[in-house]
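What follows is each chain in one-letter form.
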Amino acid sequence: EAAVTQSPRNKVTVTGGNVTLSCRQTNSHNYMYWYRQDTGHGLRLIHYSYGAGNLQIGDVPDGYKATRTTQEDFFLLLELASPSQTSLYFCASSDTNNQAPLFGEGTRLSVL
Amino acid sequence: GDSVTQTEGPVTVSESESLIINCTYSATSIAYPNLFWYVRYPGEGLQLLLKVITAGQKGSSRGFEATYNKETTSFHLQKASVQESDSAVYYCALGDLNTGKLTFGHGTILRVHP
């Protein structure tokens, strides 16, 4: 069954903290994405990747790094977390050809 | 840039009433946009409700339907008779065929009362 799994599901950190959000897909998809979802903004694209070792900048990349270590794994890195990064983060994967991206269940991050 | 505008929520309806959630889009950088409706039920992740990749076509799922209207740049979501279990947040999204990137509307909270 196609799946996108995010971990952790919830995370609390302090300002200046170092956070890594993980995403794994078992769909053999080439494309993976990180979005953040905030009230009043819908989902906004942070970074995405075409494949292992590839990274593309999204629409709201400031303060975030990402790394795609394998076709399955895509990580979002917050090296100096700030309260403005408190949000719900979604990972997704797709194999374009008119396919709808498949989303994970989300990671809720709170930066105090 | 590309953008999606949808009905401001929350939208509150009674069970068995009809529903329309408006969605309009602007695709300035995408030659052949795909259109999607995603839904997020309470406590769950984001899941695809329906998609349409060709202008003029209609998509349908779980009693919901939406028609891709290129002339009016709209993709309104409709349902003839809602159920309490339809209570959720609905997101309209514009997709780029080449990259798979999605541009989302801000989401519409739907509350259905029994």
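Here the residue index of a chain counts from 1 through its sequence in written order. In the order they appear in the text, chains get letters beginning with A and ligands get numbers beginning with 1. Totals for whole chains, interfaces and linings use all residues, but because this is a predicted model, local features are given only for residues with pLDDT of at least 70 and pairs of side-chain atoms are given and counted only at 80 or more. To obtain the side-chain values, all non-hydrogen atoms of the structure were used and water was disregarded.

A. Broad picture of the sheet that holds strand β9 (residues 77-79) of chain B. Residues and elements named next belong to chain B. Taken together, four strands build an open sheet; the order of strands is β3-β9-β8-β7 and the sheet is antiparallel. The sheet is open, and its two borders are formed by β3 (19-21) and β7 (58-61), each paired with just one other strand. For this sheet, the mean angle separating the axes of adjacent strands, direction not counted, is 20 degrees. Note: two strands are recorded as paired if DSSP finds a minimum of 2 bridges between them. Every helix listed is a DSSP run of H or I at least four residues long, and every strand listed is a run of E at least two residues long, numbered separately from the N terminus. Of the strand pairs in this sheet, β3 and β9 are connected by three bridges, and their pairing is antiparallel. Each residue of the ladder has a partner; that of L19, found in β9, is K79. Axes, fitted as lines to C-alpha atoms, cover a helix only where it is in contact. Angles between the N-to-C directions of the axes lie from 0 to 180 degrees.

B. View of the state of the cysteines. All names here are of chain A. A pair of cysteine sulfur atoms is labelled a disulfide when the two atoms are within 2.5 Å. With the rule as written, the count across this model stands at two disulfides over all chains. There is a disulfide in this structure between C23 and C91, and the S-S distance comes to 1.9 Å. Between C23 and C91, the disulfide has an S-S torsion of -80 degrees and is therefore left-handed. Of this pair, C23 sits in strand β3 (residues 19-25) while C91 sits in strand β9 (residues 87-94), and the two are 68 residues apart along the sequence. Accessible area is worked out with a 1.4 Å probe on protein chains only. A residue is then buried under 20% of its type maximum, exposed over 50%, and partly exposed in between. C23 gets classed as buried once you look at its relative accessible area, which sits at 1%.

C. A look at the packing of aromatic side chains. To pair, rings of Phe, Tyr and Trp, with the six-membered ring standing in for Trp, must have centres within 6.5 Å; the planes then decide the type, stacked if under 30 degrees apart, edge-to-face if over 60, and tilted in the middle. Throughout the structure, instances matching the rule amount to 15 aromatic pairs over all chains. Geometrically, the ring pair formed by A:Y48 and A:Y50 is edge-to-face, given 5.8 Å between the ring centres and 70 degrees between the ring planes. Each ring, one from B:Y25 and one from B:Y68, has its centre 6.1 Å from the other, and the planes form 85 degrees; the classification is edge-to-face. With a gap of 43 residues between them, B:Y25 in strand β4 (residues 23-26) and B:Y68 in the loop between β8 (64-67) and β9 connect regions that are remote in the sequence. The rings of A:Y31, A:Y33, A:Y35, A:Y48, A:Y50, A:F90, A:F103, B:F36, B:Y38, B:Y91 and B:F104 are connected pair by pair, giving a single aromatic cluster.

D. Highlighting the sheet that holds strand β7 (residues 65-68) of chain A. Residue and element names in this part refer to chain A. Pairing within the open sheet is antiparallel, and its four strands lie in the order β1-β3-β8-β7. Edge strands, defined here as strands with exactly one partner in the open sheet, are β1 (4-7) and β7. Adjacent strand axes in the sheet meet at a mean angle of 15 degrees when their direction is disregarded. Inspection of the sheet shows β7 paired to strand β8 (residues 73-78) by four bridges, in the antiparallel sense. For A66, the partnering residue across the bridge sits in β8 and is L76.

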